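# A look at the structure
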Amino acid sequence: MTEIFRGTFTQQEPIPDAAIEAAVRVMRTGRLHRYNVAGDEPGEVALLEQEFAAAMGVKYCLAVASGGYALACALRALGVGHGDRVLTNAFTLAPVPGAIASVGAVPVFVGVTEGLVIDLDDLAAKADQADVLMLSHMRGHLADMDRLMEICDAAGIRVIEDCAHTMGARWRGRLSGTDGVIGCYSTQTYKHLNSGEGGLLVTDDAQVMARAVMLSGSYMLYGRHLAAPGPEAFDEVRYETPNVSGRMDHLRAAILRPQLARLAAQCDRWNARYRAVEEGVRDTPGLTVVDRPEDEYFVGSSIQFLLLDWAAEKVQEVLRRCAARGVELKWFGGAEPVGFTSRYDSWRYAPSQPMPATDRVLAGLIDMRLPLTFSVEDCRLIARIIRAEAGAVWQGG
Ligand SMILES: *Cc1c(COP(=O)(O)O)cnc(C)c1O
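The name given to the chain in an unreviewed UniProt entry is DegT/DnrJ/EryC1/StrS family aminotransferase, with Lacimonas salitolerans as the source organism. Under the heading Sequence similarities (unreviewed entry), UniProt records this for the chain: "Belongs to the DegT/DnrJ/EryC1 family."

Written out as structure tokens, the structure reads:
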């Protein structure tokens, strides 16, 4: 009997009851704007910021409208502007180069390794080309953050971390987003917390946070923040920083706070699913599992494997055969951008040089989401299907 998988790769879990109740409470007050609070109530957004800062072990946090907004806000807060060059990953998603372009800056792409992390040799070689790195921990793969920070510190490069896929992950025990000057997170539906849209930005730098708060649209109400520096940090900044509105509202914050409380448990659930798929596809001929470094605690909300040096038609055949059995795989090697996947050379607003080693990895890179609506048993079934279909194509069957 041919096994078929019947789950939906884009179906997340429902919002928890406590979050729904909190959202209803906010709606009953009519006070949805973050600065619309009664008396001395702090408001959901300020509380979320305080709780997220505590969870990440940082001083300051700002909640914003989206992950992409957080990235652009981070660039502006560091003074990146028109014509500046910003180092970033060749393997990432469109909001990353998009954030760079949105402030008039120019991405300088750094290659990807077979381990799916930023190529640190390529980074070192390009370190003199920019003084900011927007580091995307793409699909949750953490580079050697010790060596990366050494390279950047030596070159005077400030690091913004895009943690859209690493909220809750750690490198040698340090939470992702806390090595660079700024860490940015997304709370969009497909990420580790779900408020539909939303973003968070963290830093220990008072001036950077003061600028980010003003940028986000605080007017002169920054005193109501619970995870921002004191008024002295705003003395100059409040006159010099443009308002680029992108605040979070109480409704989303109310939905996020109960989810944040269970983040660590959710990460473990993702990893149980990840390990089930990983184990199931390991040792499939022609298929390379991406080995995870011991120093990395990752969050397996998606899984990648490589069909290195396969002909494009063969890769497409695997995708077709898996899709026919209900397993939705994405491919980063396609010439045309499809759905969420696109390549550095398809962002034509940004200049790029050919990167043969990166192209080889992307040409074989298969990506699959692992929503928590899948059981561990579902993941074993998915792995059996991938193993059978990739194996059949490999053998020319
Ligand atoms: C989702 C995502 C973002 C941006 O998040 P949005 O909240 O959708 O704007 C940034 N980087 C990566 C790698 C992402 O996947």
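Another aspect to go through is the overall build of the chain. The secondary structure content of the chain amounts to 13 helices and 14 strands. Against the globule reference of 21 Å for 397 residues, the chain gives a C-alpha radius of gyration of 21 Å, in line with a compact fold. Counting across all 397 residues of the chain, residues that qualify as buried make up 55%. When contacts within the chain are restricted to residue pairs at least 6 apart in sequence, long-range pairs at least 24 apart make up 72% of them. By element, 51% of the accessible surface of the chain is carried by carbon and sulfur atoms, the whole surface being about 16300 Å².

A pair can form between side chains of opposite charge whenever their charged atoms are brought close. Inspection of the entire model under this criterion finds 26 salt bridges. Its salt-bridge partner being D249, residue R252 comes within 3.4 Å of it at the nearest N-O pair. Of the residues examined, D249 reaches a relative accessible area of 21% and is grouped as partly exposed. The salt bridge involving K330 is made with E328; its shortest N-O contact spans 3.3 Å. Residue K330 is classed as partly exposed on the basis of its relative accessible area of 34%. Owing to a relative accessible area of 36%, E328 belongs among the partly exposed residues under this scheme.

In this section: a nonpolar patch on the surface. Residues I20, V24, M27 and L32 make up a contiguous nonpolar surface patch of about 300 Å² in total accessible area. Here I20 shows up in helix 1 (residues 17-29).

What follows is about the sheet that holds strand 14 (residues 365-369). Judged by pairing direction, the sheet is antiparallel, and its four strands sit side by side in the order 10-12-14-13 without closing on themselves. Strands at the two margins of the open sheet, each flanked by one partner only, are strand 10 (288-289) and strand 13 (330-331). The sheet contact formed by strand 12 (residues 302-306) and strand 14 spans five bridges and is antiparallel. Among the inter-strand pairings, Q304 is bridged to a residue of strand 14, identified as D367.

Glancing now at the packing of aromatic side chains. Following the criterion strictly, the structure yields 11 aromatic pairs and no others. Ring geometry for F109 and Y344: centres 6.0 Å apart, planes at 50°, overall tilted. Of the two residues, F109 sits in strand 3 (residues 106-110) while Y344 sits in the loop between strand 13 and helix 12 (356-363), which places them 235 residues apart along the sequence. Accessibility classification places F109 together with Y344 in one group, the buried group. By way of ring pairs, the aromatic residues F5, F9 and F374 are connected into one cluster. A cation over a ring is seen here: R292 above F298, with NZ or CZ 4.0 Å from the ring centre. When the ring centre of Y190 is taken as origin, the NZ or CZ atom of R369, which lies over that ring, is 4.3 Å away.

Positionally, R34 belongs in the loop between helix 1 and helix 2 (44-56). Among the polar contacts made by the side chain of R34, one reaches the side chain of E49 at a distance of 2.7 Å. For R34, the side chain forms a polar contact with the side chain of H225, separated by 3.3 Å. Dropping the residues within four chain positions of it, R34 is found in contact with V45, A46, E49, L62, A63, H225, R247, M248 and H250.

Thresholds, definitions, all that
- Residues numbered from 1 in each chain as written.
- Predicted model: local features only at pLDDT ≥ 70, side-chain atom pairs only at ≥ 80, totals over all residues.
- Heavy atoms only, no water.
- UniProt positions renumbered as here; feature names shortened; annotations may be inferred.
- Helix = DSSP H or I, 4+ residues; strand = E, 2+ residues; numbered from the N terminus.
- Rg over C-alpha atoms; globule rule 2.2 N^0.38 Å.
- Buried < 20%, exposed > 50% of the residue type's maximum accessible area, 1.4 Å probe, protein only.
- Contact = heavy atoms within 4.5 Å.
- Areas by Shrake-Rupley, 256 points an atom, 1.4 Å probe, with all protein chains shown as cover.
- Salt bridge = Lys/Arg side-chain N within 4 Å of Asp/Glu carboxyl O.
- Patch = residues over 30% accessible without salt bridge, like charges linked within 9 Å, V, L, I, M, F, W, Y side chains within 5 Å.
- Pairing = 2+ DSSP bridges.
- Phe/Tyr/Trp six-rings, centres within 6.5 Å; stacked < 30°, edge-to-face > 60°.
- Lys NZ or Arg CZ within 6 Å of the ring centre and 35° of its normal.
- Polar contact = N/O pair within 3.5 Å; in protein donor to acceptor, adjacent residues only side chain to side chain.

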